[in-house]
Amino acid sequence: MLPPLQLPDAVTVRPQTELTQTPFFPQRRYQCGPAALATALVASGVDITPDILTPEVYLPGRQGSLQLELLAATRRHGRIAYVLTPELPAVLAEVAAGHPVVVLQNLAFNWYPLWHYAVVIGFDLQARELILRSGTHDRITIPFDTFRHTWQRSGNWALLVLAPDQLPATADESRYVKAVAGLERAASLAAARTGYQTAAMHWPDSLAAQIGLANISYLQGDLAAAEYQYRALVARYPQQASLYNNLAQVLFERGRRAEALEMIRRAIEIGGPLIDSYRQTLQQFEAQ
Amino acid sequence: MNLMRSISRPVAHFVICCFAMFSLSMPAAQAGMIGTDTVLSAEQRTADQAQLSQLLARADVTQKLVALGVNPADVQQRIAGLSDDELQTLAAQIDTLPAGGDALGVIVLIFLVLLFTDIMGFTNVFPFVKHGAARR
């Protein structure tokens, strides 16, 4: 019924792995979300407890916590919320790399769901078992296949909570940069900068990571750095209209209206899906 | 008194919506800098459409979170940090998305069914069940 597992080398060289240093917070009624998230956040170096997280992620009317709210809370605490490729080997690879993984299981049936968050902290390839912190159990083992049945029903949802200078073992560029952009939105700017730097170091050709870095400079009010970064980007990617738009905005705020107008007209010339935004930027310049 | 009670909730929702839309209207002026995640997901829909639907989604989610028992003082903080797409998803499916709670509260009627399926390894409700049988 389940396809056989294809395990990466990083997993098979560590057939028995257990992240024993991972903290444990026994959950209270309906509070597995705050408990599991606190476990992962503390493991990533954030000082927090489930009680602090409860008003941030617990939804009383649903007697539980939603996945999206766990993501948002992770970002607000300056950590990258990275949703893994939905496969067991990815979970094992992360655990082998020292990263505990938050998983959503449906412990019962599709027609009678019992949604539950737990944290995978280890595995034993010989015994074909996973080791979890789950609910009120500080250490529970469950067979791979049982886990896969219960996990499949949640769409194999697995969340990695990472300090922004860390990459997932299974890192994918666009997934990772998007996850860092979530930090930018949650106003964790210093963490976002570190995240983009991490991405730029690992993927030197990542345009998205470079745009992220330039935008962080802008958001932190360092217009000189933002101009420098955008000029370098425009020189390297002369066909990316959004780069001209953002450079224009930076120049305008630095009081260089003529240059700003030139840049925004170039953005409109190139066009693309965001052309309405460029036109609005131009209107805004002309109005002032 | 009853009238007061029946009016107060919609009024509260209205006030919250106004607040959400007002607080959003400042940073969301789409002219100016384009955020990193917008560049990343520069899809076909125009910026204007995205802006409007985001505005509505934000107000909608705000109202629904309060209706589901979240303290209104916590709502703004909770939705900060959600991307536009995530807000849309939440607005549309907040009542049906999985809400991870716990493994308790199983009604007695299906206890035996679950016990059996637990032993078979298809479910995992009861931690005391040993899962030997599931190995293929």
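Placed above this text is the structure.
Here goes a summary of the coordinates provided. (Residues numbered from 1 in each chain as written. Chains lettered and ligands numbered in written order. Predicted model: local features only at pLDDT ≥ 70, side-chain atom pairs only at ≥ 80, totals over all residues. Heavy atoms only, no water.)

Counting 87 residues, the largest nonpolar core has A:V91, A:V101, A:V120, A:F123 and A:L130 as its most contacted members. Looking at this core element by element, the count peaks at seven residues for strand β6 (residues 115-124) of chain A. Those residues in contact with A:V120 that sit more than four places away from it in its chain are A:V91, A:V95, A:P100, A:V101, A:V103, A:L130, A:I131, A:L132 and A:F147. Core analysis: the next-biggest nonpolar cluster, separate from the first, contains 32 residues, A:Y244, A:M263, A:I264 and B:M33 among them. (Core = buried A, V, L, I, M, F, W, Y, C linked by side-chain atoms within 4.5 Å. Buried < 20%, exposed > 50% of the residue type's maximum accessible area, 1.4 Å probe, protein only. Helix = DSSP H or I, 4+ residues; strand = E, 2+ residues; numbered from the N terminus. Contact = heavy atoms within 4.5 Å.)

Residue and element names in this part refer to chain A. Relative to strand β8 (residues 137-143), strand β7 (residues 129-134) runs antiparallel, the two being bridged by five bridges. Note that in β8 the partner of L130 across the bridge is I142. Count of turn residues in the β7/β8 antiparallel hairpin: two residues, of which G135 carries a positive phi of about 60°. (Pairing = 2+ DSSP bridges.)

Looking now at empty space enclosed by the protein. Residue and element names in this part refer to chain A. By the definition in use, this model includes one cavity of 30 Å³ or more. In this structure, the largest cavity occupies an estimated 70 Å³ of space. If you go around the largest cavity, you meet 13 residues; those closest to its centre are F25, A35, A36, R133 and G135. Within the residue set of the lining of the largest cavity, elements represented by two or more residues are α2 (32-43), β6 and β7. Per-element accounting of the lining of the largest cavity gives the leading share, four residues, to α2. Residues of the lining of the largest cavity, tallied by class, amount to eight nonpolar, four polar and one charged. (1 Å grid on protein atoms, 1.4 Å probe; cavity = no way out; pocket = protein on both sides within 12 Å on 5 of 7 lines; lining within 4 Å. Points joined across faces, edges and corners; volume = space filled by probe spheres on them. Nonpolar A, V, L, I, M, F, W, Y, C, P; charged D, E, K, R; others polar.)

All names here are of chain A. Examined against the element boundaries, L261 turns out to sit in helix α12 (residues 257-270). Assessed through its relative accessible area of 11%, L261 is described here as buried. Sequence separation between L261 and N245 is 16 residues, and the spatial gap between their C-alpha atoms is 9.7 Å.

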